[in-house]
Amino acid sequence: MPATDLDQIVNLCKRRGFVYPSAEIYGGFRSSYDFGPLGSLMLRNVKNAWVRTMVQLRDDVVLIDASILSPPQVWEASGHLANFTDPLVDCTACKQRFREDHLTDPTTCPNCGKQGTFTAARAFNLMFKTHAGPVEGAGAEVYLRPETAQGMFINFANVLQTSRKKPPFGIAQVGKSFRNEITPGNFIFRTREFEQMELEFFVPPAEGPAWYRYWCDARLQWYIDHGIPADMLMLRDHDADELSHYSAGTADIEFRFPWGWGELEGVAQRTDYDLTQHAKHSGERLDYFDQSTNERYVPYVIEPAAGATRAMAAFLLAAYDEEEVNGEVRTVLRLHPRLSPYQVAVLPLSKKDTLTPLAREVYATLSQRYMCEYDETQAIGRRYRRQDEIGTPLCVTVDFDSLDDRAVTIRERDSMAQVRVPLTELAAAVAERLGF
Ligand code: ATP
């Protein structure tokens, strides 16, 4: 299969209602996107798959949902006010603005090709600032969070007291983050408003390195388990000069995007930096007393930090396939069944009234467990193709024989194989094929 290019995915997303450019009727709002009927289902599935793996299937992680608006003290303590900056350079010839660390040649402008026209780099803070309450000015400033992680650190003591967890344990969160990116782009890869899925995993300091390895491997495997081929993924250890001063090791999980390798997720050993900083700035104790050893310590933190919207782009790119079937091109999104917008499409063979009650009954039954679509217009072959293109793993067809034999046809997206199943066994047959 030739590598999927970005335009194929952008077009499919627009055409089928996954992702639209935001405020399109007003000419678009650069680098913002709206998730349509299918995209919002898929994005929700990506986040749910993460919560399932990270929270539901283990007993040492709890979930929180912290506020997006936060006071400057949080970002003062975390270091974001001082350090969450990108180096910005302007080309004095064409007036374009770039991130210096993204330039392949820092002396030549990639836009106009002139040499030596860049200004000196300026530190540009990426946080969005706004005002709370009716009065603007000092004292009313608040920030839109640029990451979800601080919500876990500032709630560490609350969670410890209320959840009865002890290290090693984790606090997870999924939600929106905002960064005033200088160079957003590549579709939903880099936007100013995006969604993150982050875990802060608190461990006794001596266990830090082992848990770090554990989370690097586990997180890489998560993408493979959800359908990305291993050869499109890479775990890349940061070089010493890429590490932040408090980090004892960071690795990026990278995906082979059409424009090259790009980060999907960072796994970092953050030592006791964050809890210590917040303890210092807030005056509160943020540590753990281990009754079995009579020891008090500040846990070390391992942080797997992923982007939900960026992961969705990778899942779509990895799933996109075109193949020739009977002389025609079939476009198929080979999405993992947990991620596809719909798990099942219920398709009565014809629109005739005689089929409707049974088809509706099948739809009502399967909808109890799965997101289903009901579609009765157009020829059945075209409807199958439509479902292939949006990644629906199974179609259930109700035909005129169904009224007599009380059986329906299940058609699989990937193999296009069809099998006749009695209605009494339909739910089990669907569950078996989907894997849940
Ligand atoms: P990058 O180097 O790409 O700017 P980062 O290293 O600053 O990313 P982190 O702060 O580690 O990113 O954030 C964790 C994850 O959040 C990233 O791996 C990515 O998946 C996601 N993410 C970060 N910034 C954006 C953005 N502007 N748009 C979409 N997703 C983002």
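This one's a predicted model, so the numbers in the text were calculated from it and none came from an experiment.

In this section: the overall build of the chain. From N to C terminus, the chain includes 13 helices and 24 strands. When the backbone C-alpha atoms are referred to their principal axes, the chain occupies close to 75 × 65 × 50 Å. Counting the 436 residues in the chain, one finds 34% classified as buried.

With that settled, the discussion passes to the site of the ligand. Lining the immediate surroundings of the ligand are 16 residues, of which Phe194, Gly266, Ala305, Gly307 and Arg310 lie closest. Counting only elements with at least two residues in the shell around the ligand, the list comes to β11 (193-203), β14 (260-271), β17 (300-307) and α9 (308-319). The element contributing the most residues to the shell around the ligand is β14, with 4 residues. Taken together, the residues of the shell around the ligand break down into 4 nonpolar, 5 polar and 7 charged.

Formed by 74 residues in total, the largest nonpolar core has its most connected members in Val46, Met312, Ala314 and Phe315. It is α9 that contributes the most residues to this core, 9 residues altogether. Phe315 has contacts with Val46, His226, Gly227, Ile228, Leu335 and Leu339, leaving out every residue within four places of it along the chain. Counting residues in hydrophobic clusters, the runner-up holds 17 residues, among them Ala345, Ala359, Leu394 and Val408.

Next up on the list: helix α11 (residues 380-390). Each full turn of the α-helix corresponds to 3.6 residues, which orients residues three or four apart in the same direction. Considered for burial, the residues of α11 that qualify are Arg383, Tyr384, Gln387, Asp388 and Ile390. Once α11 ends, the next one or two residues include Gly391, with phi positive near 85 degrees.

Take the domain arrangement of the chain next. With domains assigned, the chain is organised as domain 1 (6-84 + 126-316) and domain 2 (342-434). Inter-centroid distance (C-alpha atoms) of domain 1 to domain 2 is 38 Å.

Right, let's get into the sheet that holds strand β3 (residues 61-64). Sheet strands associate in pairs through backbone hydrogen bonding, adopting either a parallel or an antiparallel arrangement. Overall, mixed pairing links the 7 strands, which are arranged β3-β10-β11-β17-β14-β13-β12 in an open sheet. With one partner strand each, in any of the chains shown, β3 and β12 (233-237) form the two edges of the open sheet. This sheet shows a mean twist of 25 degrees between the axes of neighbouring strands, independent of strand direction. Both β14 and β17 contribute to a ladder of 6 bridges, which runs antiparallel. Bridge pairing links Ala268 to Glu303 in β17. Sheet strands in contact with α9 are β10 (169-178), β11, β13 (250-257), β14 and β17, and its direction is about 105 degrees off that of β11.

The step from Pro167 to Pro168 runs through a cis peptide bond, and the omega angle for that step is 0 degrees. Here Pro168 shows up in the loop between α6 (156-163) and β10. The phi dihedral of Gln378 is positive, around 75 degrees, even though this residue is not glycine. Counting through the fold element by element, Gln378 comes out in the loop between β21 (372-374) and α11. When the 12 C-beta atoms within 10 Å are taken as the criterion, Gln378 is described as exposed.

It is worth spelling out the packing of helix α2 (residues 37-56) against α9 at this point. Working note: a packed helix pair is described by the angle between its axes plus the distance between those axes. One way to put it is that α2 packs onto α9 with a least axis distance of 10 Å and a crossing angle of 110 degrees. On the basis of the axis angle, α2 is roughly perpendicular to α9. Of the residues in α9, those in contact with Met42, Leu43, Val46 and Lys47 of α2 are Ala308, Thr309, Ala311, Met312 and Phe315. Among the residues forming the contact of α2 with α9, the class breakdown is 7 nonpolar, 1 polar and 1 charged.

What follows concerns the pairing of β11. Counting buried positions over the 11 residues of β11 gives 10, a clear majority of the element. In this sheet, β11 lies alongside β10 in antiparallel orientation, the contact comprising 10 bridges. Looking across to β11, one finds that Ala172 is bridged to Leu199. Examined bridge by bridge, β11 and β17 share 6 bridges and lie antiparallel to one another. Bridge pairing in β17 links Phe201 to Ile302.

In this section: the sheet that holds strand β20 (residues 344-348). Reading across from one edge, β21-β20-β22-β23-β24 is the order of the 5 strands in this open sheet, with mixed pairing throughout. In this open sheet, the two strands that pair with only one neighbour each are β21 and β24 (418-422). On average, each strand axis in the sheet is inclined to that of its neighbour by 25 degrees, with strand direction left out of account. Bridge analysis of β20 against strand β22 (residues 394-398) gives 5 bridges, and the strand direction is parallel. Its bridge partner lying in β22, Val346 is registered against Val396. Here helix α10 (residues 356-367) sits on the sheet in contact with β20, β21, β22 and β23 (407-412), set at roughly 170 degrees to β20.

Counting through the fold element by element, Arg383 comes out in helix α11. Here Arg383 falls in the buried class, since 20 other C-beta atoms lie within 10 Å of it. When the C-alpha positions of Arg383 and Tyr320 are compared, they lie 18 Å apart, and in sequence the two are 63 residues distant. For Arg383, the residues in contact, after removing those within four places along its chain, are Leu347, Asp375 and Gln378.

A separate point is the environment of Gly17. Topologically, Gly17 is positioned in the loop between α1 (6-16) and β1 (19-21). The class for Gly17 is partly exposed, based on 17 C-beta atoms found within 10 Å. Spatially, the C-alpha atom of Gly17 lies 41 Å from that of Phe118, the residues being 101 residues apart in sequence. Excluding its chain neighbours within four sequence positions, the residues that come into contact with Gly17 are Gly36, Pro37, Leu38 and Gly39.

Rules used throughout
Residues numbered from 1 in each chain as written. Predicted model: local features only at pLDDT ≥ 70, side-chain atom pairs only at ≥ 80, totals over all residues. Helix = DSSP H or I, 4+ residues; strand = E, 2+ residues; numbered from the N terminus. Buried ≥ 20, exposed ≤ 12 C-beta atoms within 10 Å, placed from the backbone. Near = placed C-beta within 6 Å. Nonpolar A, V, L, I, M, F, W, Y, C, P; charged D, E, K, R; others polar. Core = buried A, V, L, I, M, F, W, Y, C linked by C-beta atoms within 7 Å. Contact = placed C-beta atoms within 7 Å. Domains from an automatic or database assignment. Pairing = 2+ DSSP bridges. Axes fitted to C-alpha atoms, helices over the stretch in contact; angles between N-to-C directions. Parallel < 35°, antiparallel > 145°, perpendicular 65-115°, else oblique.

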